[in-house]
Number of protein chains: 2
Amino acid sequence: MQINENYQKLPGSYLFSEIARRTAAYSAANPDKTLIRLGIGDVTRPLPQAVLEAMHRAVDEMGAAETFRGYGPEQGYDFLRRAIVEQDYLPLGVCLEEDEVFVSDGAKSDCGNIGDLFGPDNVVAVCDPVYPVYVDTNAMAGRAGDYCARSGKWSKLRYMPCTAENGFTPALPEEKVDIIYLCFPNNPTGAVATREQLAAWVKYANEQDALILYDSAYEAFITQPDVPHSIYEIEGAKTCAIEFRSFSKTAGFTGTRCAYTVVPRQLQRGGAGLNGMWNRRQCTKFNGVPYVIQRAAEAVYTPEGRRQIQENISYYQRNAQLIYQGLKGAGLTVSGGINSPYIWCKTPDGLGSWEFFDRLLERANVVTTPGAGFGPSGEGYIRLTAFGEYRATQEAVERVCAVL
Amino acid sequence: MQINENYQKLPGSYLFSEIARRTAAYSAANPDKTLIRLGIGDVTRPLPQAVLEAMHRAVDEMGAAETFRGYGPEQGYDFLRRAIVEQDYLPLGVCLEEDEVFVSDGAKSDCGNIGDLFGPDNVVAVCDPVYPVYVDTNAMAGRAGDYCARSGKWSKLRYMPCTAENGFTPALPEEKVDIIYLCFPNNPTGAVATREQLAAWVKYANEQDALILYDSAYEAFITQPDVPHSIYEIEGAKTCAIEFRSFSKTAGFTGTRCAYTVVPRQLQRGGAGLNGMWNRRQCTKFNGVPYVIQRAAEAVYTPEGRRQIQENISYYQRNAQLIYQGLKGAGLTVSGGINSPYIWCKTPDGLGSWEFFDRLLERANVVTTPGAGFGPSGEGYIRLTAFGEYRATQEAVERVCAVL
């Protein structure tokens, strides 16, 4: 029996496991210290009232034979797909059909599972730094080649550096690539792409027969009016892009689990429609999101739900401003934070990412995320997240500034 | 850009889509007829009270900052893994560690996704008839070869006929195979394997370095005391078997979505531990089951929960007896139904599966599942399920008997 040998090429443990390990070790050795976590991007605000009420109602429905729900459609209930089409996309001027939307348990699942549709020999381009799931899932499928611990790179991936010099948005690749992962507002840098930059990517992909996998999980944090929320705001994107979205950061669903993926019907590659392929994949390997959870997600689109989630988003945006302005005021070089819950901070004194991580952990008792964990070009940076409590975030910023 | 060309080899649509299509067409042409559905294996009883109460409590927890839960462990919360280990396995004399249990959104997802861990060149053996997910997911991964519409078989799969002659339990393969899918109590035939039969499989797998993927989603329906509920009741199974279980049929969770997979630490293949590989897969491509749903599943293990789910299981078991005895009394040849919610019925008059399906649809207005949809050896059979309402099941049996 032959295992998938690509798994054995995967280096060490997942970034957040290593952070958890170092944090736990420090806590064990210093039980009197109170840590503030601005590391992993997990929300802290409770679910909005409208969502809670919808879940309670749905639980009651599951308790009566007349309203009980068994297997739902693998693609999601119509009521939720309709709300997504009408309220997330129509206001952007994007016209989608309901069967172009696939409800799922998470953008992480979809970003990983979408790889099922692709052959092994595609050339895959990723931003550097990058959300590790894009890289690791391609490595598992054999599309990344071999890992080099010295460079921190996989032999077959094409890395697109996102640096201070290019404003953390990558240049088009010089050679032909087949699959391109883009995430804007970006995790981890918090950068956004302009309409013109996205239009250049769409043109490239359509001309080169490439596919864009567009992760817009953080679009709700955009504050500047000219920044696109969806790749489909760009003409031609429906023939070259799949878009991933999530209720995790928008509505506090990290522990409630609901997301969706848009696969336009017009999207064809290799003579096949990717919408039909993804539908087949989901029907065969997935059985839909719990009814109660889909009702919870639907409630996000009610007037009360929209107002309540906006309150939470504003709360986190205030944190983002606090971190951004605080660190900048202390003389650090920061970016992101304006259209994003993430602040990308250059390490001082020429410190490495993990060195600055350790210094902040040990001296300020603040947990961050080392930029190097997101790829070679993340070296020399840390990521801070705005998802904490306001007072704790305030104290964390004070503590960090005090130890610089 | 290269797609996964294996998708294009998949024949037609999924079995249940075709049933839905024929049923919808008949209903549209005969709007005055009331159909009774004994086809797809979906439960109809509402969720037990203990489960509802646990969900309501968990929803409330999500509404307060102090008790709100964000990202949970990808593998499932300890409270649920502990309940599984202590209440599902310990009473069987099977000792598992909590980190050998992985909570998920469904056995279908896990049965499909587990293929991520295997190389492309394994020889895969499936029962015939078989739950289509095992076949289709291997076809998608390129392990099935090419499909032959005439034989209904894939060129690289090894089919193990399950027929009346062998009591619907397959013989050991004569040639070496690498991965073996077993499902007992069986979907679709309702057959079970004896302890001796399973022991022969475990011996074969350990000797041949093969892997058994054991689906025991229906174990709660076993009524005979000597029938094993888990493959791990067989000595040596921990070094050769992965087991899939689900709350879907046990606790009515088809629309609530919770299941689990056991990957023993001792299970090694190709020098790698499959427990660690599955853990890596789940951490990279999955973000856990909703907190509210895991609390719902936990409630199944309370004394009230256990009593309430047993009431529902007994309700369905009564239906199974009704169908089994009714059809047998009418002169049909039936099996299953005793340790299973499925009744496997030979078609009369030499009819094909789809012919008998159509006759029952048109003359008795009863929806069944044609055995041929589960594989070539299912031809000449239909599957009936015990998950309907009692009165409707009673009427369906009467209607079927009247048109024979």
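Just so it is clear, the model here is predicted, and its values are computed rather than measured. (Residues numbered from 1 in each chain as written. Chains lettered and ligands numbered in written order. Predicted model: local features only at pLDDT ≥ 70, side-chain atom pairs only at ≥ 80, totals over all residues. Heavy atoms only, no water.)

Structural notes on the overall build of chain A
Note the cut-off: Every helix listed is a DSSP run of H or I at least four residues long, and every strand listed is a run of E at least two residues long, numbered separately from the N terminus. Just to be clear, the radius of gyration here is over C-alpha atoms, and the globule rule we use is 2.2 Å times residues to the power 0.38. For every residue, the accessible area obtained with a 1.4 Å probe (protein chains only) is divided by the maximum for its type, and the residue is called buried under 20%, exposed over 50%, and partly exposed between those limits. Here, residues are in contact when the closest pair of their heavy atoms is within 4.5 Å. All accessible-area figures derive from a Shrake-Rupley calculation using a 1.4 Å probe, and residue coverage is judged against the displayed protein chains alone. His is not counted, nor are the chain ends; Lys and Arg add positive charge and Asp and Glu add negative charge. Charge positions come from single atoms, namely NZ of Lys, CZ of Arg, CG of Asp or CD of Glu.
When you go through chain A residue by residue, the secondary structure sums to 12 helices and 17 strands. Taken over C-alpha atoms, the radius of gyration comes to 21 Å for chain A, in line with the 22 Å a tight globule of 404 residues would show. C-alpha atoms of chain A, sized along the principal axes, occupy 60 × 50 × 50 Å. Within chain A, buried positions represent 64% of all 404 residues. Contacts in chain A between residues far apart in sequence, at least 24 positions, make up 74% of those at least 6 positions apart. When the accessible surface of chain A is totalled, it reaches about 14,300 Å², and 48% of it is carbon and sulfur. Here chain A contributes 39 positively and 47 negatively charged side chains, and the mean placements of these two sets differ by 3 Å.

Topic: the pairing of strand β14 (residues 342-346) of chain A
Consecutive residues of a regular strand have side chains that alternate between opposite faces of the sheet. As a reminder, the rule being used: Here a strand pair is declared whenever DSSP counts at least two bridges between the two strands.
Among the 5 residues of β14(A), 4 are classified as buried, and the element is accordingly described as predominantly covered. Where strand β13 (residues 334-336) of chain A hands over to β14(A), the hairpin turn is made up of 5 residues, of which Gly337(A) adopts a positive phi near 80°.

Quick word on the relation of the copies chain A and chain B
Applicable threshold: Alignment of copies: least-squares fit on C-alpha atoms of residues with pLDDT of at least 70 in both copies.
The transformation that overlays chain A on chain B combines an axial shift of 0.0 Å with a rotation of 180°, and the residual RMSD is 0.0 Å. On the angle and the small slide along the axis, the relation comes out as a two-fold axis. It is His56(A) whose C-alpha, among those of chain A, lies nearest the rotation axis, at 3.1 Å. Counting the interface residues of chain A, we find that 100% of their copies in chain B are interface residues as well, pointing to one common contact surface.

Some details on unusual backbone geometry
All names here are of chain A. Residue Pro129 is reached from Asp128 by a cis peptide bond, and omega for that bond is 5°. Position of Pro129 relative to the elements: it lies in the loop between β3 (124-128) and α5 (132-140). The linkage connecting Phe184 with the following residue, Pro185, adopts the cis geometry, with an omega of -10°. Tracing the sequence through the fold places Pro185 in the loop between β7 (179-183) and α6 (195-208). One non-glycine residue, Arg257, adopts positive backbone phi at about 70°. Inspection of the secondary structure assignment puts Arg257 in the loop between α7 (248-251) and β10 (259-262). Its identity is not glycine, yet Asp349 carries a phi of approximately 60°, on the positive side. The topology assignment puts Asp349 in the loop between β14 and α11 (353-364).

A few points about the nonpolar core
As a reminder, the rule being used: Nonpolar core, defined: a set of buried Ala, Val, Leu, Ile, Met, Phe, Trp, Tyr and Cys residues in which side-chain atoms within 4.5 Å join the residues together.
Counting residues in each nonpolar core, the largest one holds 240 residues, and the members touching the most others are Ile212(A) and Ile212(B). When residues no more than four places from it in sequence are discounted, the contact partners of Ile212(A) are Ile180(A), Leu182(A), Trp201(A), Val202(A), Ala205(A), Ile231(A), Cys240(A), Ala241(A) and Ile242(A).

Remarks on the interface of chain A and chain B
Formally: Note: buried area is the sum, over both parts, of the accessible area (probe 1.4 Å) each one loses when the two are combined. For this analysis, a salt bridge means a side-chain nitrogen from Lys or Arg found within 4 Å of a carboxyl oxygen belonging to Asp or Glu. Whenever a nitrogen or oxygen atom comes within 3.5 Å of another N or O atom, the pair is scored as a polar contact, on the condition that within protein one atom can donate a hydrogen and the other can accept it, and that pairs from neighbouring residues in sequence are kept only if both atoms are in side chains. Side-chain classes are defined by residue name, with Ala, Val, Leu, Ile, Met, Phe, Trp, Tyr, Cys and Pro counting as nonpolar, Asp, Glu, Lys and Arg as charged, and the others, Gly among them, as polar.
Each side of the interface is counted separately: chain A has 78 residues, and chain B has 78 residues. Summed over both sides, the interface between chain A and chain B buries roughly 6,400 Å², with carbon and sulfur atoms accounting for 58% of that surface. The three residues of chain A that bury the most area against chain B are Met1(A), Tyr71(A) and Arg280(A), which together make up 14% of that side's buried surface. Applying the counting rule to chain A against chain B returns 4 salt bridges. Put simply, Arg280(B) and Asp136(A) hold a salt bridge, and the shortest N to O gap is 3.5 Å. Across the contact surface, chain A and chain B share 37 residue pairs in polar contact (both at pLDDT 80 or more). Going through the elements one at a time, α2 (49-62), α4 (107-113), α5, α8 (274-285) and α9 (291-299) of chain A are the ones with two or more residues in the side of chain A that touches chain B. Among the residues forming the side of chain A that touches chain B, the class breakdown is 34 nonpolar, 25 polar and 19 charged.

Some thoughts on the packing of aromatic side chains
The line we're drawing: Between 30 and 60 degrees the pair is tilted, below 30 it is stacked and above 60 it is edge-to-face, where a pair is any two Phe, Tyr or Trp rings, Trp via its six-membered ring, whose centres lie within 6.5 Å.
Overall, the coordinates contain 43 aromatic pairs over all chains when judged by the stated rule. Ring geometry for Phe247(A) versus Tyr301(A): centroids 6.1 Å apart, planes at 90°, classification edge-to-face. Of this pair, Phe247(A) sits in the loop between β9 (241-246) and α7 while Tyr301(A) sits in the loop between α9 and α10 (303-329), and the two are 54 residues apart along the sequence. As far as burial versus exposure is concerned, Phe247(A) and Tyr301(A) are alike and both buried. Measuring from centroid to centroid gives 6.4 Å for Trp344(B) and Phe374(B), while their planes differ by 65°, and the two rings are edge-to-face. One end of the pair, Trp344(B), is in strand β14 (residues 342-346); the other, Phe374(B), is in the loop between β16 (369-370) and β17 (381-385), with 30 residues separating them in the sequence. Summarising the burial analysis for this pair, Trp344(B) and Phe374(B) share the class buried. Connected via pairs of aromatic rings, a cluster forms that spans Tyr89(A), Tyr232(A), Phe247(A), Phe253(A), Tyr260(A) and Tyr301(A).

Everything listed here is a matter of coordinates, which is why it stays silent on function.
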